[in-house]
Amino acid sequence: MQPPPMLVNCGHCRTPLQLPPGVRSIRCAICQGVTQIADPRAAPYPPRVDHSQPPLPQMPAPSPYNHAPPGPPPSAHGRRKAVICGISYRYSRHELKGCINDAKCMKYLLINKFRFPESSILMLTV
């Protein structure tokens, strides 16, 4: 019985790559980047944990998705509010084309056809 295939993420575009046994590097078919594969036997041992002392509280790592868009938040007054999301999944193999343009067109439609105040529309694009 063969061991299950090992997966690593491309060091350039983060696409999952399946490693053949014994390889030292692999070329990504998506971005053509070469990812070097380290020998796991050469990795240092993890540090020993001292269980006699209580662990220090750790702050969670900041998420790259927790940032607010530039500028003031949309107006909280009035009845009409909108959040428009345009997500293109850039640098992934599932990248979508035209998402940002679609979001801009939706904003235009809300303002000019449905008379939304521009200050009541929040645009989130990536």
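Structure first, text after, so check above.
Definitions and limits used
- Residues numbered from 1 in each chain as written.
- Predicted model: local features only at pLDDT ≥ 70, side-chain atom pairs only at ≥ 80, totals over all residues.
- Heavy atoms only, no water.
- Helix = DSSP H or I, 4+ residues; strand = E, 2+ residues; numbered from the N terminus.
- Expected span 1.5 Å × (residues − 1).
- Contact = heavy atoms within 4.5 Å.
- Buried < 20%, exposed > 50% of the residue type's maximum accessible area, 1.4 Å probe, protein only.
- Salt bridge = Lys/Arg side-chain N within 4 Å of Asp/Glu carboxyl O.

A few words now on helix α1 (residues 99-112). Given a rise of 1.5 Å per residue, 14 residues ought to cover 20 Å, and the 20 Å separating the end C-alpha atoms of α1 matches this to within 8%. As for α1, its buried residues are in contact with β5 (82-86) and β6 (121-125).

For the rest of this paragraph, the subject is unusual backbone geometry. If you check the backbone angles, Gln 32 has positive phi at about 70° while not being a glycine. Within the secondary structure, Gln 32 is located in the loop between β3 (25-27) and β4 (34-36). Overall, Gln 32 belongs to the partly exposed group, its relative accessible area being 44%.

Pairs can form between side chains of opposite charge whenever their charged atoms are close. Per the stated rule, a full pass over the model turns up two salt bridges. The closest approach of N and O atoms between Lys 97 and Glu 95, which form a salt bridge, is 3.7 Å.

Time to look at the environment of Arg 14. Mapped onto the elements of the fold, Arg 14 is located in the loop between β1 (6-9) and β2 (16-19). For the pair Arg 14 and Arg 93, spaced 79 residues apart in sequence, the C-alpha to C-alpha distance is 9.2 Å.

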